[in-house]
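# Examining the three-dimensional arrangement
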Amino acid sequence: MTSPVRLALLGCGTVGAEVVRLLHEQSADLAARVGAPLEIAGIAVRRIGRDRGDLPVDPALFTTDALGLIKRDDVDVVVEVVGGIEPARGWLVEALRAGKSVVTANKALLAEDGGALHDAAAEGGGDLYYEASVAGAIPLLRPLRESLHGDRITRVTGIVNGTTNFILSAMHATGAGFAEALEEATELGYAEADPTADVEGFDAAAKAAILASLAFHSRVAAADVHREGITEVTAADVASAKAMGCTIKLLCIAARGADGQGRETVSVRVHPAMIPVTHPLASVGDAFNAVFVEAEAAGQLMFYGRGAGGAPTASAVLGDVVAVARNRLAGVRAASESAYADLPVRPMGEALTRYHISLDVADRPGVLESVAGVFARHDVSIATVRQVPAAGAAGAAGDAVLVIVTHVAPDAALAATVRELRGLDIVRAVASVLRVEGGL
Ligand code: NDP
Ligand code: HSE
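These numbers come from a predicted model, not from an experiment.

Taken together, Glu180, Glu183, Glu184 and Glu187 make up a surface patch of like negative charges. Secondary-structure assignment places Glu183 in helix H8 (residues 178-187). With a relative accessible area of 51%, Glu183 lands in the exposed category.

The next point concerns the side chain of Lys100. Looking at the element boundaries, Lys100 is found in the loop between helix H4 (88-97) and strand E5 (101-104). There is no salt bridge for the buried Lys100, and the closest opposite charge comes from Asp73, which lies 5.4 Å off by N-O distance. Here the side chain of Lys100 touches Arg72 through a polar contact of 2.6 Å, landing on its backbone oxygen. Once you skip the residues sitting within four places of it in the chain, Lys100 turns out to touch Ile70, Lys71, Arg72, Asp73, Val75, Asp76, Ala95, Gly126, Asp127 and Arg328.

Neighbouring residues of ligand 1: 22 residues in total, closest Cys12, Arg47, Arg50, Arg52 and Gly309. Arg50 is positioned with one of its side-chain polar atoms (N or O) 2.6 Å from an oxygen atom of ligand 1. Separating an oxygen atom of ligand 1 from a side-chain N or O atom of Arg52 is a distance of 2.8 Å. Class assignment for the residues of the shell around ligand 1 results in 10 nonpolar, seven polar and five charged.

Next up on the list: the domain arrangement of the protein. Here the protein is described as being made up of domain 1 (5-136 + 310-330), domain 2 (141-306) and domain 3 (351-436). The centre of domain 1, based on its C-alpha atoms, is set 52 Å off from the matching centre of domain 3.

Sheet strands pair by backbone hydrogen bonding; their relative direction is either parallel or antiparallel. An order of E3-E2-E1-E4-E5-E6 is seen for the six strands of this open sheet, with the pairing classed as parallel. Either end of the sheet is taken by a strand with one partner, and the two such strands are strand E3 (62-63) and strand E6 (128-129). Pairing between strand E1 (residues 5-10) and strand E4 (residues 77-80): four bridges, direction parallel. What sits directly across from Leu7, in E4, is Val77.

Moving on to the packing of aromatic side chains. For the structure shown, the criterion picks out two aromatic pairs. Over the ring of Tyr129 we find Arg145; its NZ or CZ atom is 4.5 Å from the centre of that ring. The residue whose ring lies beneath Arg227 is Phe202, and the NZ or CZ to ring-centre distance is 3.8 Å.

A few words on the site of ligand 2. Every residue lining ligand 2 is accounted for by Lys107, Asn161, Gly162, Thr163, Asp198, Asp203, Lys207, Gly307 and Ala308. Take Gly162: an N or O atom from its main chain is 2.7 Å from an oxygen atom of ligand 2. Here an oxygen atom of ligand 2 sits 2.6 Å away from a polar atom, N or O, in the side chain of Thr163. For ligand 2, whose free accessible area comes to 260 Å², the fraction covered by protein is 84%. Mapped by element, the contributors of at least two residues to the shell around ligand 2 are helix H7 (162-174) and helix H10 (202-216). Taken together, the residues of the shell around ligand 2 sort by class into one nonpolar, four polar and four charged.

Bringing unusual backbone geometry into the picture now. In this chain, Glu86 is followed by Pro87 through a cis amide linkage whose omega measures 5°. With respect to the helices and strands, Pro87 occurs in the loop between E4 and H4. Phi at Asp286 is positive, roughly 55°, even though this residue is not glycine. Position of Asp286 among the secondary structure elements: in the loop between strand E10 (264-276) and strand E11 (288-295). Positive phi outside glycine occurs at Asp342, with the angle close to 50°. Considering the arrangement of structural elements, one finds Asp342 in the loop between helix H12 (310-330) and strand E13 (352-362).

Looking now at the pairing of strand E15 (residues 399-406). Of all the eight residues making up E15, eight are buried; the element is thus mostly covered by neighbouring parts of the structure. Burial of the side chains of E15 extends over both faces: Asp399, Val401, Val403 and Val405 are buried on one face and Ala400, Leu402, Ile404 and Thr406 on the other. Sheet topology note: the strand E14 (residues 382-389)/E15 ladder contains seven bridges and is antiparallel. Its bridge partner being in E15, Gln387 is matched across the sheet by Leu402.

Cut-offs and rules
Residues numbered from 1 in each chain as written. Chains lettered and ligands numbered in written order. Predicted model: local features only at pLDDT ≥ 70, side-chain atom pairs only at ≥ 80, totals over all residues. Heavy atoms only, no water. Patch = residues over 30% accessible without salt bridge, like charges linked within 9 Å, V, L, I, M, F, W, Y side chains within 5 Å. Areas by Shrake-Rupley, 256 points an atom, 1.4 Å probe, with all protein chains shown as cover. Salt bridge = Lys/Arg side-chain N within 4 Å of Asp/Glu carboxyl O. Lys, Arg positive; Asp, Glu negative; His and termini not counted. Charge placed at Lys NZ, Arg CZ, Asp CG, Glu CD. Helix = DSSP H or I, 4+ residues; strand = E, 2+ residues; numbered from the N terminus. Buried < 20%, exposed > 50% of the residue type's maximum accessible area, 1.4 Å probe, protein only. Polar contact = N/O pair within 3.5 Å; in protein donor to acceptor, adjacent residues only side chain to side chain. Contact = heavy atoms within 4.5 Å. Near = heavy atom within 4 Å. Nonpolar A, V, L, I, M, F, W, Y, C, P; charged D, E, K, R; others polar. Domains from an automatic or database assignment. Pairing = 2+ DSSP bridges. Phe/Tyr/Trp six-rings, centres within 6.5 Å; stacked < 30°, edge-to-face > 60°. Lys NZ or Arg CZ within 6 Å of the ring centre and 35° of its normal.

In structure tokens, the structure reads:
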């Protein structure tokens, strides 16, 4: 048998422990697939004495000296499942420059400074794989970076955060408010004690940057992504969406476009949006993830599955480990980063989108004309208008609710329209503003 491929495992938490378990349980199959046994050379953790249950691994392999482990001559592949920017960035740059291959699930680092990792991989000649960083178990990055390389991707629309999808699905199913649904998500272990990264859209924005970089052959960072979370989504918004035959999802959207001079650009955004219940992403419930890819020749493709959790994420990590181990044995490396297109990222104001706006207005002659005039002044075309009597405690006698859905327009024009509507005397309140995606 060929000599083993030796792994340095950085991190042994939710994901790392499952990587250890799967390496143990499937060692014979993995060795057959790779052509050599996969062996753990060491495991770097923060707390060496932590109780790790019945993990099938020699306790002597644990160390707190991650850098020392990475630098060992007998380490071929570094698997990073610690997370965060530093010290992970320093470790991985060191490993890659030294010619080791790296497998990481670290979306935050890839979105913040993926360029530094790709540059270090090019310098050292090893592989950099990160399938687990977006949408957990779902095979998605490999299709984007390999299978679709003969095609031209035009748009990627995804639900890439399980926690927020659980919350929005619960709000849709039960009519609960955001706080109540978040509490349920926390009780069930979906939301972390500090849910900021999920509910404010930071986690989805990091994943959007990674997806856009791969889909459009350009370096897109988290800072380039327009980000809005779901904390402002109300039960009334959800009810309004339902009345329109829609549901609300936190979407990541990366799309090709063109600037005023016709030069190709990309726009990358994360925000809650109404989508029709007939849209393929609308039926993605619970904490599942799904990504809808549109390409010129392939048409529409949908990727669906578990986006988080120890075992699902470890599945993606191990798939990468097998790939990089095979490459090392064959003396080859995977195609390096493809960022040749170098497309500029358009500001959110230029992104083309549609709005659903709910207004509490005085119900008297001329109101509709005044409201329509605001849209016209900002060159925003109205698609549909629906008027219903104001209901409940909020609605005074003689008031009505106007529900307006626009055609596609630049986001800046839509935002300016809403600002002006808020200043009109006849508008008692702008009750809800949501973007609309996926036709209606
Ligand atoms: P955990 O917090 O469960 O585990 C982190 C591990 O890193 C722990 O073993 C911890 O050690 C170790 N660690 C932390 N700091 C250091 C340090 N300075 N030196 C050495 N070891 C350190 O994280 P997860 O397993 O949940 O996530 C790991 C990565 O996978 C992250 O990048 C995350 O974004 C990504 N990911 C996670 C998913 C999930 O469902 N959990 C899904 C997709 C991606 P100790 O055990 O001693 O505390
Ligand atoms: N917090 C993330 C989620 C974990 O809820 O989807 C996977 O990246």
